[in-house]
Amino acid sequence: MKKITTIFLIFLGFVSFVFTNLTVSAEEGIEIEYKQIVNYISNHLSEFRTEYNKTHAMERLNATSIEKHCLVYIIDSNEYGIYLDFNDDKGYLVTSFNYSLYTLNTTDDLTYLKDVEFTYYSAYDGFLYHDGESFHKYDEEMDSDTEILYGVDGQGGDGETDIYDIDEYVSSRYPSYKLEETHEKAVEDVSYSGFSMKQLTYYQKYVSKDGGYTYSKSVTEENCALTAAFNVMSNWVQMRIYGHLPPKTSTRNLKLYLDEIPDYIYYGMGEETVGHDFYWTLIDSTFITKMPELYYQMRDYAVRHARYTPELGLSTSNTIETMNAMLDRYGYQNITFTSSFNFSDVMTSLQKGRAVFMGLANSLSYASNHAVALLGYKKYSYKTGTWIFEKTHYAYFFLIDDGYGLMETYFDPNCNSKLVHEFIY
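Calculation criteria
Residues numbered from 1 in each chain as written. Predicted model: local features only at pLDDT ≥ 70, side-chain atom pairs only at ≥ 80, totals over all residues. Heavy atoms only, no water. Helix = DSSP H or I, 4+ residues; strand = E, 2+ residues; numbered from the N terminus. Buried < 20%, exposed > 50% of the residue type's maximum accessible area, 1.4 Å probe, protein only. Contact = heavy atoms within 4.5 Å. Areas by Shrake-Rupley, 256 points an atom, 1.4 Å probe, with all protein chains shown as cover. Lys, Arg positive; Asp, Glu negative; His and termini not counted. Charge placed at Lys NZ, Arg CZ, Asp CG, Glu CD. 1 Å grid on protein atoms, 1.4 Å probe; cavity = no way out; pocket = protein on both sides within 12 Å on 5 of 7 lines; lining within 4 Å. Points joined across faces, edges and corners; volume = space filled by probe spheres on them. Nonpolar A, V, L, I, M, F, W, Y, C, P; charged D, E, K, R; others polar. Pairing = 2+ DSSP bridges.

Enquirer: Tell me about the overall build of the protein, and please be specific about residues and values.
Expert: Of the regular secondary structure elements, the protein holds 10 helices and 19 strands. Across its three principal axes, the protein shows a C-alpha extent of roughly 80 × 45 × 40 Å. Buried positions account for 53% of the 425 residues belonging to the protein. A separation threshold of at least 6 residues defines the contact pool for the protein, and within that pool the share at least 24 residues apart is 65%. Carbon together with sulfur atoms contributes 46% to the accessible area of the protein, which is approximately 20100 Å² in total. Distance between charge centroids for the protein: 2 Å, based on 33 positive and 60 negative side chains.

Enquirer: Go over empty space enclosed by the protein, please, and point to the residues and values.
Expert: The tally for this structure, following the rule as stated, stands at one cavity of 30 Å³ or more. Quantified by volume, the largest cavity comes out at close to 40 Å³. If you trace the largest cavity, you find it lined by Tyr202, Glu260, Ile261, Pro262, Tyr296, Arg299 and Asp300. The residue inventory of the lining of the largest cavity, partitioned by class, reads four nonpolar, no polar and three charged.

Enquirer: Describe the pairing of strand S1 (residues 66-74), with residues and values.
Expert: In terms of burial, S1 is a largely internal element, seven of the nine residues being buried. When S1 meets strand S2 (residues 79-86), the two strands line up antiparallel, connected through eight bridges. Within S2, the position partnered with Ile66 by the bridge is Phe86. Connecting S1 to the next strand, S2, in antiparallel fashion are four residues, including Asn78 with a positive phi near 50°. Here four bridges tie S1 to strand S5 (residues 118-122), and the two strands are oriented parallel to one another. The residue of S5 that forms the bridge with Val72 is Thr119.

In structure tokens:
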């Protein structure tokens, strides 16, 4: 387990939202205020415990002293705060310098923070450390079981996605929350229009349940990762982040290049055959004659160098390799992408209008692992109070293009504690 032992002054340069040129007096002011708040809470802990337990009979606070404390940077509100660890296994809290309470636990003991002098906290990701490049969790364990809720207003289905009216959805499912921030520049600043997996598939698989006498079912390639990566990079073209990449209007007729497609001989010429349970063939679609050039180049590289097949799709590392290769091909050398499981790492990118690749596992909405283009997010919050504290609760909702529908939709990661997401940025 990695421990952070550097004093908090060094951490001021880790991420873009932390000020880098503080004066000595400002640094001293932070340290003085930090000590004053720790002393005040420590000296009035019994009063806090009494006030808290008046309204929390089921999760009583039994702490009698403060065992450990350290400086914390609260990512959600871009401010410094304090992490206090109560004695034994009596819990902990995170508060800002103005007594905004971000989390309060009454039963756990976070052993991984025992020797830490500085940490980051996110209402979404929890406690984090930063290695100079990206955030990492101290503890990767998932939460408890998730209960599925059906019939929520503003949502067309079950699970986390298909939210067509985010305001109605939040009002129905999270009535206490109010909109605090919206970051959707990647959609608002341009006329965003993504491509679906079906529009970009080269081949179609036909499946028979009667030994090849009839083929009643068909599926596309497992091209969700390629589709998501293409939609992300195409959005970068629109946002003029990487303007040398081919725009979506640059296309080619694949029927003129079939001999140059590496896997065409294996997947493109199948036909109905009695005795077979399935066959692959070139899809009968007008998109074959106007395939986006960028997607053609991405898929060609993925097949030749990154182990892509229509049946297996792409892994995270192979997706990163393919995206890196596209930037290199079109003149953006020495730019490499990385992956992270923490939303905190990609918030700044989304705020600037830079779309992000997001992989999903254990989703309630998608039957298998899936990849989407993450285009932005909304942040909601509500406040409660105990003693001198005002507690802020946050909920984040993602704007995505999942490669299935014809338009973007919202995704609720808060309703599934088993959800795993991975970002490429």
